[in-house]
Amino acid sequence: MKINSLKIEKIFLIFFILLFTTECTKDSSPTNSTDSTNPTDSTDSNNNDGNSEFLGLKVEMMFAYSSKNKNTSWYITNQKHNYLDLRHSNYRNIRYFEEQDVFQGTAGWGPDEEMWFHEIGSYFYTDLNNDGIKEIFQTYLKAPWPSPLKEISLYSAYPDKILDTSINPSSQHFDAHFTLVQTRKSVLSDLNKDGIYEIVMFSTGQDSSEGVGDSLAVFHPENVALNLPSRHEYLGYIGAWHGGAVGDIDNNGFPDIVAYNSSDQHGDYKVYVYYNNGQTFSGSRADVNRTDEDANMYTVELFDLNKDSNLDLVLSRDENITILWGDGTGTYDWQNKLVYESEDNNETHLAVDIDFLDFNLDGSVDLLLNYTNYNGMYIKVISIKDGVFQDLTSELFLDDSSITDVGFWAKWLFIKDINEDGFLDILADGIFGYGSNSFPHQGQSLYWINNTEGKFSMVRGNSAIDSP
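Residues numbered from 1 in each chain as written. Predicted model: local features only at pLDDT ≥ 70, side-chain atom pairs only at ≥ 80, totals over all residues. Heavy atoms only, no water.

1. Observations regarding the overall build of the protein
What counts here: For the purposes of this entry, the term helix denotes a DSSP run of H or I that reaches at least four residues, the term strand denotes a run of E that reaches at least two, and both are numbered from the N terminus. To sort residues, take the accessible area from a 1.4 Å probe on protein chains only and compare it with the maximum for the residue type: under 20% means buried, over 50% means exposed, and anything in between is partly exposed. Only heavy atoms matter for contacts: two residues are in contact if any of them lie within 4.5 Å across the pair. Per-residue and other accessible areas follow the Shrake-Rupley method at a 1.4 Å probe size, with only the shown protein chains counted as cover for residues.
Along the protein, the regular secondary structure elements total eight helices and 27 strands. Within the protein, the proportion of its 468 residues that are buried is 56%. If you take every contact in the protein between residues at least 6 apart in sequence, the share linking residues at least 24 apart comes to 53%. Total accessible area on the protein is roughly 20,500 Å²; 50% of this is exposed by carbon and sulfur atoms.

2. Focus on the sheet that holds strand β10 (residues 256-261)
Rules: Here the rule is simple: two strands pair whenever DSSP picks up at least two bridges between them. To obtain each axis, a line is fitted to C-alpha atoms, and for helices this fit is confined to the stretch in contact; angles are then taken between N-to-C directions over 0 to 180 degrees.
The strand order across the open sheet built from four strands is β9-β10-β11-β12, with neighbouring strands paired in antiparallel fashion. Both edges of this open sheet fall to β9 (241-247) and β12 (281-285), since each of them pairs with a single strand only. In this sheet, neighbouring strand axes are inclined to one another by 20 degrees on average, regardless of whether the strands run parallel or antiparallel.

3. So, the pattern of salt bridges
Cut-off, in case you're wondering: What counts as a salt bridge is simple: a side-chain nitrogen of Lys or Arg found within 4 Å of a carboxyl oxygen of Asp or Glu.
Going through the model one piece at a time under the given rule, you end up with nine salt bridges. Among the salt bridges present, the one from Arg290 reaches Asp268, with a minimum N-O distance of 3.0 Å. Taken together, the residues span a long stretch of sequence, with Arg290 in the loop between β13 (287-288) and β14 (299-303) and Asp268 in the loop between β10 and β11 (270-276) at a distance of 22 residues. As a salt-bridge pair, Asp318 and Arg317 come within 3.9 Å of each other at their nearest N and O atoms. Several salt bridges share partner residues, and in doing so they unite Asp268, Arg285, Asp287 and Arg290 into one network.

4. Quick word on the sheet that holds strand β15 (residues 312-316)
Taken in spatial order, the four strands line up as β14-β15-β16-β18 in an open sheet, and their pairing is antiparallel. Edge strands, defined here as strands with exactly one partner in the open sheet, are β14 and β18 (337-340). Adjacent strand axes in the sheet meet at a mean angle of 20 degrees, parallel and antiparallel pairs treated alike. Here strand β16 (residues 321-324) pairs with β18 via four bridges, running antiparallel. Along β18, the bridge assignment pairs Ile321 with Tyr340.

5. Focus: the environment of Ala286
Looking at where Ala286 falls in the secondary structure, it is placed in the loop between β12 and β13. Judged by relative accessible area, which is 1%, Ala286 ranks as buried. It is 9.3 Å that separates the C-alpha atoms of Ala286 and Tyr274, two residues lying twelve residues apart in sequence. Those residues in contact with Ala286, other than ones at most four positions away along the chain, are Val271, Val273, Tyr275, Gly330, Thr331 and Tyr332.

6. Observations concerning the side chain of Thr393
Residue position: Thr393 is located in helix α8 (residues 393-396). The exposure class of Thr393 is buried, given its relative accessible area of 10%. Ignoring any residue separated from it by four or fewer positions in sequence, one finds Thr393 in contact with Ile379, Lys380, Val381 and Ser401.

7. A word on the nonpolar core
As a reminder of what qualifies: Nine residue types can take part in a nonpolar core, namely buried Ala, Val, Leu, Ile, Met, Phe, Trp, Tyr and Cys, and a core is a set of them joined through side-chain atoms within 4.5 Å.
By size, the foremost hydrophobic cluster in this structure holds 50 residues, and its most contacted members are Leu305, Ile321, Phe356, Leu357, Phe359, Leu446 and Trp448. When residues of this core are assigned to their parent elements, the largest contribution, six residues, is made by strand β21 (residues 377-385). When sequence neighbours within four positions are dropped, the list of residues in contact with Trp448 reads Met377, Ile379, Phe397, Asp400, Ser401, Leu413, Asp425, Ile426, Ala428, Phe456, Ser457 and Met458. In this structure, Val271, Met297, Val300 and Leu313 belong to the second largest nonpolar core, which totals 19 residues.

8. Thoughts on the environment of Ser262
Examined against the element boundaries, Ser262 turns out to sit in the loop between β10 and β11. As a C-alpha pair, Ser262 and Met297 span 35 residues in sequence and 5.8 Å in three-dimensional space. Contacts of Ser262, omitting those with residues within four sequence positions, involve Ala240, His242, Tyr269, Asn296, Met297 and Tyr298.

9. Thoughts on the confidence of the model for the protein
Low-confidence regions, as indicated by low pLDDT, have predicted coordinates that should not be scrutinised in detail. In plain terms, the rule: Confidence of the predictor at the level of single residues is captured by pLDDT, which takes values from 0 to 100.
For the protein, mean pLDDT is 81; residues scoring 70 or higher make up 76% of the total. This stretch, residues 1-50, has a pLDDT under 50; its non-local contacts, to residues over four places away or in other chains, come to 46 contacts. Confidence drops under pLDDT 50 across residues 435-441; counting only partners more than four residues distant or on other chains, this segment forms 19 contacts.

10. Notes on helix α4 (residues 73-80)
Most of α4 sits inside the fold, with seven of its eight residues counted as buried. Among all positions in α4, only Ser73, Trp74, Tyr75, Ile76, Thr77, Asn78 and Lys80 are buried.

11. So, the packing of aromatic side chains
Rules: Whether two aromatic rings pair depends on their centres lying within 6.5 Å, for rings of Phe, Tyr and Trp, where Trp uses its six-membered ring; planes under 30 degrees apart make the pair stacked, over 60 edge-to-face, and the rest tilted.
In the structure shown here, the tally under the stated rule is 20 aromatic pairs. Taking 5.8 Å as the distance between ring centres and 90 degrees as the angle between the ring planes, the aromatic pair formed by Tyr65 and Tyr75 counts as edge-to-face. Here Tyr65, found in the loop between α2 (60-63) and α3 (67-70), pairs with Tyr75, found in helix α4; they are ten residues apart in sequence, far enough to count as distant. Using a relative accessible area of 3% as the deciding quantity, one classes Tyr65 as buried.

12. Some thoughts on unusual backbone geometry
Backbone geometry at Asn227 places phi at a positive 55 degrees, although glycine is not the residue there. Looking at where Asn227 falls in the secondary structure, it is placed in the loop between β7 (214-220) and β8 (231-239). Of note in this structure, Leu361 is not a glycine but carries a positive phi near 55 degrees. In this fold, Leu361 is placed in the loop between β19 (350-357) and β20 (366-372).

13. Concerning the environment of Ala295
By the secondary structure assignment, Ala295 is in the loop between β13 and β14. For Ala295, a relative accessible area of 11% gives the class buried. Sequence-wise, Ala295 and Lys270 are 25 residues apart; in three dimensions their C-alpha atoms are separated by 7.7 Å. With residues up to four places along the chain from it excluded, the contact list for Ala295 reads Tyr260, Tyr269, Arg290 and Arg317.

14. Here we look at a negative patch on the surface
Selection criterion: Nonpolar side chains (Val, Leu, Ile, Met, Phe, Trp, Tyr) within 5 Å and like charges within 9 Å form the patches, drawn only from residues with over 30% relative accessible area and no salt bridge. Positive residues here are Lys and Arg, negative ones are Asp and Glu, while His and the chain termini are left out of the count. Charged side chains are reduced to one point each, which is NZ for Lys, CZ for Arg, CG for Asp and CD for Glu.
Where like charges cluster on the molecular surface, the negative patch consists of Glu343, Asp344, Asp391 and Glu395. Along the chain, the position of Glu343 falls in the loop between β18 and β19. By relative accessible area, Glu343 is classed as exposed at 84%.

Structure, rendered in structure tokens:
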């Protein structure tokens, strides 16, 4: 069959006209704009922050973190945290169990001795072994403070029997262990990748010039399947471990335990790491080229901030924040760092907690900082974009981001959806208030609620929430 050449030319002409029209339409479409000021264009293959699907700071932001960040103790502890009103748990404190002749302590912990029964050193109310049932873990410090006596940790696979005051207590409902002297921080991690979370405990020892330091400890919860009771594993190197974190800093697939020795009475100020091969730990110093001005640090976290798939080490001892960039070798160089310097840098104000979220959706993770001088507290959000810091606090908080009450402060902040509206809020926990060594909470709660547009308002009142 003959084909008319003129018809062929007309067909090709129509085809090219349609193709040109389609491309012009695509180029002018706002959904394909490459304008860097449009937050929907700021994508991140590591964390996916900056996408329009997260506008208002939706809870899905937390699920989109990289696997490297999801395996840090910061992420696991934040995600597994369940709020527990310590007024209720305190009713079943160590003194209560002793008075009921359920648990007999030593002479130093007898019911006639003063003790910090109101001071919960740390607690977890969560499902540690992934059987769908929450467990409870609490540490109780010895008073008067500071004390060289070991604290007591209480663990129960039956938290309802511990928290329900209508049930008579039984020693079969819990395990109690004498452990460290002063646990400053506890975090969750699955150290051997068996699906059961361990609790890593960091202790300074007696907090005075007479203190001799302490070891680190790993608490292993009860393993019903293997018929293994709960136990503590102590890691031998002695130091003043004020802070620490867990994450895979040498990229071998297993999370390592990173701690900072914050006292030169125990060798030297240093980053000390227990490297994990999945079966055993080997400990050694893990920082080089430290100067005297970088000496003492208290707060420690791990997070991949620059998205190179290596965990960075975030440290603080005052209002300033030091970031040591990770290179995947398991060692940190103090000459390879970025430092946030607060404008006033009051050395009596400590950043006691550091958290991570891209609050302004610019594609870079920001720092949520919890500051205190133990007579009040305030929080800041500091963005890091291309190595430049910017204070976002006034833009994000619609009212107060600080409390000036004497003796009031909070140990921890958690980024959680508190009111179950699908947007991330900020919860303060481990609250002290109304005077030195006051009972945590005293019926108080403190959190900042997201208005679904990524702006926060303070809510302070009686404890009446149970975060999911």
